[in-house]
Amino acid sequence: MKATLIYPPCGDPRGPQLALPSLAAALRGSGVQVDLLDLNVLGFEALLQPDLLEQAVRRLRDSLGTRLDWSEPRSRMALLGESLLQNVPDSFTTLRSPEHFYDANDHSSARAILESGLALTCMADPRGVACAFFPARYGVPGVDPQKLSHLIDVTADPAANLFAEHWEQDVFPGLEAVPPDLVGISITNRQQILPGLMLARGLRQRGHFVVIGGTVYSKFADALARRPAFFEAFADAVVVYEGETALLALLDQLAGSREFENVPNLLFQRGDSVQATIAHVEDVRSLPTPDFSGLPLASYLVPEPVLPILAGKGCYYNRCRFCDIAAINRVSRKAYRVREAEQIAADVRALAARFGCRNFVITDEALSPKLLVKLADALGTDGDHSFTGYARLEPGFTPEVFERLHEMGMRKLFFGLESGCQQTLDHMDKGTRIADAPTILKHCRQAGIDFHLFSIIGFPEEDEAAARKTFAFLVDNQEIIDHPGNSFDMHAFGLEFRTSYCDERAKLGVEIAAEALEKDFVIGIAPQDWTNTRGLANEDVRRLIEEEFYPALRAIFERHHNTAAHLWPGFEEYSVLYGRHYHGRPFPFTTSLPDTGDPSRVRLRWNPLLDLRLEGEEVGLEGQEVRITGPSASFSMNPTLFDLLGDGLPRNVDEFLSAWLGEMPEPAREESERMFRQLAQRCIGMGFLQVELADVKDEGRTFQNVRGMGSGK
């Protein structure tokens, strides 16, 4: 028997996901031939091929006509078109190159260029499809993926599928050459719904037996059982919950009597109705080591593989009122099913030996200190491994525990701070004390482990005073947090349907529009569809985050966080690679200029993503300016100052000022210095101007002045 398992778009293609390799290991261990297709990373690479980008640039410019408005995003992207055509291929190379990946400025530029290439593709799309890998999204105007009628209509429209040409030319012919007995499509996040179902429908129309699995539709087992139209359009069967035993049993039935009622965790259509079979819970200790064979490991946007591993399924705490993990794992009597530490260590060793992997993301919802210490003991001193994972801010993370984890190779931990207000933490039943957090984070840093802090404002019944305590926590702990490898975020609270907060909404003053609960597949409640009558309104949450908190935090943490993206990449796969590379060595990049009087020298360069052109009646005329255009803004600058800022020569701030101000009289000098710093910081914050510490970096390296790049020259 043969199965092809597919991971569809859209997600950030930094590395493989765990679902397909876990299923492949179980099937291959029973003699099934398994092919794995990651159409996410392959799909994005196909969309950004030079010929398709060139077509997109032409369509976008044709739609805009001859007049371009610098303040309008589509006009700016059209101006960036030529630069993107030149730089997109090199950006893929940069992110896969050990030489350039760890240059934070090269890395940031490459990511921005690829993201801009996708943005340009979408702006040129006549259907208005929105597609990106950060933040991951795939949307079609007017389409609600929670409504079955919308899903059926949009998947029948080829114009809504950005990947249609790639699939027709590169994917479907290969499947039809040697057809598998089963095609499985894993839909694990809501951004995959539209492309995943487009793929499922296309494969069924070509005669394949299509099975949909993954966490998204596992949430909708009851809803699917009442909607045979879903199966008529998209799937011969849906595997809900866990798939190892189910897929193997399904393949056996396909080879024999096709009695699908004997397959656990299965939904399938029989006649006019949908049948549901018995639930089965896997014993995680009996599962084999995931098998990544066949995935395009060299195609991910990393210079060496970073593989996900599993310690356990579920969450050992399992009580947070805002989280739907408990609902997803409700089929198991145990909230957290964990492998033995020796098994996890054996997985690490096997993957390291087979795939040359030294770096791992432990994907569990939360890793307890006790389990991590057991894993450290099981690994011993065998191997050279680096890890990252998710954890809770609990006192069990002592200095001794952090030291042990550092020795094991832990390079970053992602902590759920959630709130800086104890009352809010108690309200959500988080089970942590905000008073403990600074000490835990301090010990984490002292052990040489970086951290990320997740924070949220806008919880049910949370008022502005409580929200401000979360902001204050980050400010008050600046000394602990302010390190290039540390990161933080602050998001608006999202009301998930299968949570205690949603179930208890009447007691909490949460009002949800009736139509939001009447959709076929209620994934989450959109901000406009619910009201926090006893707490912050959604608009107030947006205002606080976007207009007050984030601008202030970027200024407070300007040394390393004065940009929209983290200079030391904060994503899991990237952070473990950077943590390994810069462990014990200085990080030669920053997002701000040193102070006046500081002897530290820096090199500056203009981001290669930009469109740069001279403006004026003729070159050399008085008043001529350089027009600088990027995805987010466009503005003009004196050409002499432009050349000074981007010439790549090492200088301290006083030398920059002397070169710019010359013999300017003292009364005007102070104001000019202030304006110089403000302009430079603005350009750095927008990602237009990039900085490296010349006294830390190799003295022999210089940057090329990029003036003359872009379509203007």
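Computed from a prediction, not measured in an experiment: that's the story for all the values here.

Caption draft 1: Representation of the overall build of the protein in the model. If you tally the helices and strands in the protein, you get 30 helices and 27 strands. For the protein, the C-alpha radius of gyration of 27 Å lies close to 27 Å, the compact-globule estimate for 713 residues. Principal-axis analysis of the C-alpha atoms places the extent of the protein at approximately 90 × 60 × 55 Å. Within the protein, the proportion of its 713 residues that are buried is 56%. At a minimum sequence separation of 6, the contacts of the protein that also span at least 24 residues come to 75%. Of the side chains in the protein, 72 bear a positive and 100 a negative charge, and the two mean positions are spaced by 3 Å.

Caption draft 2: Region of the structure containing the sheet that holds strand β26 (residues 634-637). Here we have 3 strands laid out as an open sheet, ordered β24-β25-β26, and antiparallel in their pairing. At either end of the open sheet lies a strand with only one pairing partner, and these are β24 (611-615) and β26. Across this sheet, the average inter-strand angle for adjacent strands is 25°, counted without regard to direction. In this structure, strand β25 (residues 625-629) lies alongside β26, joined through 4 bridges in antiparallel fashion. Its bridge partner lying in β26, Val626 is registered against Met637.

Caption draft 3: Seen up close, the nonpolar core. Membership of the largest hydrophobic core comes to 197 residues, with the highest contact counts inside it found for Tyr217, Phe230, Phe415 and Leu453. Those residues in contact with Phe415 that lie beyond four places of it in its chain are Ala391, Arg392, Leu393, Phe397, Phe402, Leu441, Cys444, Phe451, His452, Leu453 and Phe454.

Caption draft 4: Representation of the confidence of the model for the protein in the model. Residues with a pLDDT of 70 or more make up 96% of the protein, whose mean pLDDT is 93. Of the regions scoring below 50 in pLDDT, residues 699-713 engages in 42 contacts with residues more than four places distant in sequence or in other chains.

What counts and how
- Residues numbered from 1 in each chain as written.
- Predicted model: local features only at pLDDT ≥ 70, side-chain atom pairs only at ≥ 80, totals over all residues.
- Heavy atoms only, no water.
- Helix = DSSP H or I, 4+ residues; strand = E, 2+ residues; numbered from the N terminus.
- Rg over C-alpha atoms; globule rule 2.2 N^0.38 Å.
- Buried < 20%, exposed > 50% of the residue type's maximum accessible area, 1.4 Å probe, protein only.
- Contact = heavy atoms within 4.5 Å.
- Lys, Arg positive; Asp, Glu negative; His and termini not counted.
- Charge placed at Lys NZ, Arg CZ, Asp CG, Glu CD.
- Pairing = 2+ DSSP bridges.
- Axes fitted to C-alpha atoms, helices over the stretch in contact; angles between N-to-C directions.
- Core = buried A, V, L, I, M, F, W, Y, C linked by side-chain atoms within 4.5 Å.
- pLDDT = per-residue confidence, 0-100.

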